[in-house]
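The residues making up each chain are set out below.
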Amino acid sequence: SQTIHQWPATLVQPVGSPLSLECTVEGTSNPNLYWYRQAAGRGLQLLFYSVGIGQISSEVPQNLSASRPQDRQFILSSKKLLLSDSGFYLCAWSLTGGISGNTIYFGEGSWLTVV
Amino acid sequence: AQSVTQLDSHVSVSEGTPVLLRCNYSSSYSPSLFWYVQHPNKGLQLLLKYTSAATLVKGINGFEAEFKKSETSFHLTKPSAHMSDAAEYFCVVSRRGSTLGRLYFGRGTQLTVWP
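Quantities reported herein were computed from a predicted structural model and do not represent experimental measurements. (Residues numbered from 1 in each chain as written. Chains lettered and ligands numbered in written order. Predicted model: local features only at pLDDT ≥ 70, side-chain atom pairs only at ≥ 80, totals over all residues. Heavy atoms only, no water.)

Novice: Describe the overall build of chain A, naming the residues involved and giving the relevant values.
Specialist: From N to C terminus, chain A includes zero helices and 11 strands. Along its sequence from the N terminus, chain A presents helices and strands in the succession β-β-β-β-β-β-β-β-β-β-β. Whereas a compact globule of 115 residues would reach a radius of gyration of roughly 13 Å, chain A reaches 14 Å, a difference of no more than 12%. Counting only C-alpha atoms, chain A reaches 40 × 30 × 25 Å along its principal axes. By residue count, 49% of the 115 residues in chain A fall in the buried class. Nonlocal contacts in chain A, meaning residues at least 24 apart in sequence, comprise 55% of its contacts between residues at least 6 apart. Accessible area for chain A stands at about 5200 Å²; split by element, carbon and sulfur atoms hold 55% of it. (Helix = DSSP H or I, 4+ residues; strand = E, 2+ residues; numbered from the N terminus. Rg over C-alpha atoms; globule rule 2.2 N^0.38 Å. Buried < 20%, exposed > 50% of the residue type's maximum accessible area, 1.4 Å probe, protein only. Contact = heavy atoms within 4.5 Å. Areas by Shrake-Rupley, 256 points an atom, 1.4 Å probe, with all protein chains shown as cover.)

Novice: How would you sum up the environment of arginine 107 of chain B? Please name residues and give values.
Specialist: Positionally, arginine 107 of chain B belongs in the loop between β11 (103-105) and β12 (109-114). Put simply, arginine 107 of chain B and serine 9 of chain B are 98 residues apart on the chain and 7.6 Å apart in space, counted from C-alpha to C-alpha.

Novice: Could you give an account of the pairing of strand β2 (residues 10-14) of chain B, naming the residues involved and the relevant values?
Specialist: Residue and element names in this part refer to chain B. The alternating pattern of β2 places Val11 and Val13 on a buried face, while none of His10, Ser12 and Ser14, on the opposite face, is buried. As paired strands, β2 and β12 are joined by five bridges and run parallel to one another. By the bridge assignment for β12, serine 12 is matched with threonine 112. (Pairing = 2+ DSSP bridges.)

Novice: Describe the nonpolar core, and please don't skip the residues or the numbers.
Specialist: By size, the foremost hydrophobic cluster in this structure holds 26 residues, and its most contacted members are Trp35, Leu48, Leu76 and Tyr89 of chain B. The dominant element in this core, judged by the number of residues it contributes, is strand β10 (residues 87-95) of chain B, at four residues. The contacts of tyrosine 89 of chain B, once residues within four sequence positions are left out, are Gln6, Leu21, Trp35, Tyr36, Val37, Leu47, Phe63, Leu76, Gly108, Thr109 and Leu111 of chain B. Judged by nonpolar contacts, the second largest core, of 19 residues, contains Leu19, Phe48, Ala66 and Tyr89 of chain A. (Core = buried A, V, L, I, M, F, W, Y, C linked by side-chain atoms within 4.5 Å.)

Novice: Let's hear about the environment of phenylalanine 48 of chain A: which residues, and what values?
Specialist: Residue and element names in this part refer to chain A. Inspection of the secondary structure puts phenylalanine 48 in strand β5 (residues 44-52). Between the C-alpha atom of phenylalanine 48 and that of serine 17, which follows or precedes it by 31 residues, the distance is 21 Å. Ignoring any residue separated from it by four or fewer positions in sequence, one finds phenylalanine 48 in contact with Leu33, Tyr34, Trp35, Ile56, Ser57, Ser58, Gln62, Leu64, Ser65, Ala66, Phe74 and Leu76.

Novice: Account for the side chain of aspartate 85 of chain A, with residues named and values stated.
Specialist: Residues and elements named next belong to chain A. Here aspartate 85 shows up in the loop between β8 (73-78) and β9 (87-94). Side chain to side chain, aspartate 85 and asparagine 63 meet in a polar contact 2.9 Å long. If we skip the residues at most four places from it in the chain, aspartate 85 touches Arg37, Asn63, Leu64, Lys80, Leu112 and Val114. (Polar contact = N/O pair within 3.5 Å; in protein donor to acceptor, adjacent residues only side chain to side chain.)

Novice: I'd love a proper account of the confidence of the model for chain B, names of residues and values included.
Specialist: Do not read the fine detail of predicted coordinates wherever pLDDT is low. Here chain B averages 90 in pLDDT, while 95% of its residues score no lower than 70. Taken element by element, chain B is modelled with least confidence in β11 of chain B, mean pLDDT 83, and with most confidence in strand β3 (residues 19-21) of chain B, mean pLDDT 98. (pLDDT = per-residue confidence, 0-100.)

Novice: So what about the sheet that holds strand β3 (residues 19-26) of chain A? Which residues, and what values?
Specialist: Residue and element names in this part refer to chain A. Strand order in this open sheet of four strands is β1-β3-β8-β7, and the pairing throughout is antiparallel. Across the chains shown, the open sheet's two edge strands, defined by having one partner strand only, are β1 (3-7) and β7 (65-70). Within the sheet, the average angular offset between the axes of one strand and its neighbour, ignoring direction, is 20°. Where β3 and β8 come together, six bridges link them in antiparallel fashion. Residue pairing in the sheet places serine 20 in a bridge with serine 77 of β8. (Axes fitted to C-alpha atoms, helices over the stretch in contact; angles between N-to-C directions.)

Novice: Report on unusual backbone geometry, specifying residues and quantitative values.
Specialist: Backbone torsion omega between tryptophan 7 of chain A and proline 8 of chain A reads 0°, so that peptide bond is classified as cis. With respect to the helices, strands and loops of the structure, proline 8 of chain A is situated in the loop between β1 and β2 (10-13). Despite not being glycine, asparagine 41 of chain B shows a phi value in the positive range, around 60°. Structurally, asparagine 41 of chain B is set in the loop between β5 (31-38) and β6 (44-50). A relative accessible area of 52% places asparagine 41 of chain B in the exposed class. At threonine 72 of chain B, a position not held by glycine, the phi torsion is positive, near 45°. Its place among the elements puts threonine 72 of chain B in the loop between β8 (64-68) and β9 (73-78).

What follows is the structure, encoded as structure tokens:
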């Protein structure tokens, strides 16, 4: 069966410091990968998605970047964090081809607090 | 264009009474529809999904939802609430058959269950 791992679970970082959140998927190959952000009291916002190694699409302009160095690894980064980057970040994956009805499966999330 | 409206931001019920969480969608294409549940500080878990088969969909934990095309609705129900059902629930729409699982989230409904 497929599993998704995301870490760290919680992170407190000062303004201006770098960020690296990592996500790996097991039990499948060539998944679509996603990073979402959930700000307090708001819905989920799609930040990045990737359909293959090295292929990253950004949904919104922001202070963050994403990379996919391996088929099942997705990394969310920032060179200098802003206070507004605080939130709950969720990594997710789906099968390609839409056969599954585009079901997306989420990791456990990472709480980022920028202070 | 696709969008989702969850009609209630908060729903409170007593344990053992029925649950109704309302969702209306708008889609220019044949939609896939999902309900996800999120417990505090956790990722999103898939409750159920509608792709193109039976309009009454049964999910985990006794939840079900009915796809009504004429009403553009996909309400989530459960006959008898349990304390463990207290969580936030998200209604989600995507374009059926799309190779990229682009999801459009509602803003969520917080379900409170009183003893």
